[in-house]
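# Structural description and commentary
Listed below are the residues making up each chain.
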Amino acid sequence: MKKENKKVLNGTKESAIENIESDKDYNPESQYRCTIIRGKTISKMDDLLPIYSDILNSICPTTVEDYKKQFDQELEKYITNSKTIGNHRTENVQQLLGLCYENDGMVYLTERALNYIKDGDQPAFFKGVCFKFQQPNGTQTIETLKDKIKHQINFRPYHFIIALLKKASANSIVLTKNEIAFYVLNSLKVLQGKVTITQVYNRIVLDRRKGIKNKVKDKGRQYSYYMQHINEQLDYLHLANLIRKDRNEVWLNEKEDQAIEIFIHELENPLQFDILKYDLSKVGITKQINLEWQKYYGEIDENIYNKFKTNIDSLAGDKSEGAKKELTSLEIGDEGEEFVLEYEKKIVRSFIPRLVNKINHHGKTKGLGYDVTSIEAGRDKENPEYVRYIEVKSTIRVNPPNLSATLDSITMTRNEWVIAKQHQSQFYIYRVYFTAKGTFINIIKNPYQKGKDELLYVKPITYRLEFGNKAIDERWDPGKND
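Residues numbered from 1 in each chain as written. Predicted model: local features only at pLDDT ≥ 70, side-chain atom pairs only at ≥ 80, totals over all residues. Heavy atoms only, no water.

In terms of nonpolar packing, the biggest core is built from 96 residues, with Val184 and Val200 touching the most fellow members. Apart from the residues within four sequence positions on either side, valine 184 is in contact with Phe155, Phe160, Ile161, Leu164, Glu179, Val190, Leu191 and Val200. Core analysis: the second largest hydrophobic core is formed by 19 residues, Ile312, Val348, Ile375 and Ile396 among them. (Core = buried A, V, L, I, M, F, W, Y, C linked by side-chain atoms within 4.5 Å. Buried < 20%, exposed > 50% of the residue type's maximum accessible area, 1.4 Å probe, protein only. Contact = heavy atoms within 4.5 Å.)

A word on the sheet that holds strand S11 (residues 438-445). Strand order across the open sheet formed by 5 strands is S7-S8-S9-S10-S11, with mixed pairing between neighbours. Unpaired on one side and paired on the other, strand S7 (360-361) and S11 mark the two borders of the sheet. With 8 bridges connecting them, strand S10 (residues 427-435) and S11 associate as antiparallel partners. Following the sheet pairing, arginine 431 is matched in S11 by asparagine 442. (Pairing = 2+ DSSP bridges. Helix = DSSP H or I, 4+ residues; strand = E, 2+ residues; numbered from the N terminus.)

Take a nonpolar patch on the surface next. A grouping of Phe339, Tyr343 and Ile443 is seen on the molecular surface, where their side chains present a nonpolar patch of about 230 Å² in accessible area. Looking at the element boundaries, isoleucine 443 is found in strand S11. Residue isoleucine 443 is classed as partly exposed on the basis of its relative accessible area, which comes to 35%. (Patch = residues over 30% accessible without salt bridge, like charges linked within 9 Å, V, L, I, M, F, W, Y side chains within 5 Å. Areas by Shrake-Rupley, 256 points an atom, 1.4 Å probe, with all protein chains shown as cover. Salt bridge = Lys/Arg side-chain N within 4 Å of Asp/Glu carboxyl O.)

So, on to the sheet that holds strand S4 (residues 175-176). Read across the open sheet, the 3 strands follow the order S4-S6-S5; overall the sheet is antiparallel. Every interior strand has two partners, whereas the edge strands, S4 and strand S5 (243-245), have only one. Two elements, S5 and strand S6 (residues 249-252), share 3 bridges in a ladder whose sense is antiparallel. Following the sheet pairing, arginine 244 is matched in S6 by tryptophan 251. Relative to S5, helix H13 (residues 223-239) is tilted by about 125°, and along the sheet it contacts S5 and S6. (Axes fitted to C-alpha atoms, helices over the stretch in contact; angles between N-to-C directions.)

According to the stated counting rule, one finds 23 aromatic pairs in the structure shown. Cation over ring: lysine 77 sits above tyrosine 457, and NZ or CZ is 5.1 Å from the ring centre. (Phe/Tyr/Trp six-rings, centres within 6.5 Å; stacked < 30°, edge-to-face > 60°. Lys NZ or Arg CZ within 6 Å of the ring centre and 35° of its normal.)

On to the pattern of salt bridges, then. Under the counting rule described, the total for this entry stands at 21 salt bridges. Put simply, arginine 203 and glutamate 29 hold a salt bridge, and the shortest N to O gap is 3.1 Å. Pair noted here: arginine 203 is in helix H12 (residues 197-209) and glutamate 29 is in the loop between helix H2 (14-17) and helix H3 (45-59), with a separation of 174 residues, a long-range link. With a shortest N-O distance of 3.4 Å, lysine 459 and glutamate 74 are connected by a salt bridge. Separated by 385 residues along the polypeptide, lysine 459 in the loop between helix H19 (447-452) and helix H20 (478-481) and glutamate 74 in helix H4 (residues 64-75) bring together distant segments of the chain. The exposure class assigned to lysine 459 is partly exposed, which follows from its relative accessible area of 42%. Glutamate 74 gets classed as buried once you look at its relative accessible area, which sits at 17%. The network of salt bridges with shared partners includes Glu29, Arg203 and Asp207.

In structure tokens, the structure reads:
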């Protein structure tokens, strides 16, 4: 649904509300505050994700004790409020994002984290987060779990919201945050899994026709108390590139139609993580549930994940024909290199058109340590034809980065770093961000010198092992062992 059409669709068409009667089986006035763990700095979650991942990638697998110590030490470089670092590790990294899990005293990267490190596709990562999330889940205290079990909570919030938005979109209706909060995320019957999408949709339409505007509330509590965790749940869907939202309204990003259909289809299936199988009176059960949830939550189905991969066209959020197929990590890199190539051509062409032929793409040539060569052309008046050696690093995310509040990180190969050292002031990193608000580039000149000047952090994270016969303990030779 195109954003420019939203204001026209904010009302309710007569065709969408005819023959709708009040449903006695669905009473949305019966409310229940079904909370999630509230993440630290949710507004920066897409900025923090690459930082969390890089830290974990450099220290895992490791022991639980070393994980706590090393992760916190590394995160101190990025987080000014040291009091919240432990919360980032436990709440954001482990519970909300499912980046790592604990097993037999060791901490490992989850499948979801490994995929993100490999492909840099942030919306696909957040799709995975939303897809596996359920109520109740293994991040909550025993008291919270008991209360949710007592109230028969049995719900996939993100799946239900997407299905409801799909139905609203089919009838040219844009839902408000208050409607999603009151009729879905705070509605007991819905949270119990006892109400259909059609029932909820019909009630919203009927109340609109009557001029009824409901919102979550309770005596003695401010409105924001109820809306905080609801807004955060919508934020995760936004980071997953599945919805668009403004201050009051929420609508589907219909360019993500394949992922949308997967979410809607899964809504029909029972919850995969069964809280009811646990004896909540058992000593140590909280830890057991938490560990088993971590493992489950971070696992991915490769077939589904491949369909969650983001195509760059979908970031615009408008429905159009001929959208590109889902991009692999290699294709994301190709897109970034092509964008930089055109960017450089435009700059050089505006300086001296005939020099455009000095811009070359080397992305398919292995071992060079850079992707594009260009020239200074207008950026160095004394040496306009000096070569720029450009290494392109690309990622996909919904929001542009905010490096005034946090840091970004990339991984370079040994060969790329050798070339950076060799060419120094002529070597550039072009960090490309494909976002819903356009494509952005951050350019870093001479990263080798900036590393020496401590303007950026450089940390080797790979190990090279060389070995001969003395190191070999067992051998299998098909010629001798068959």
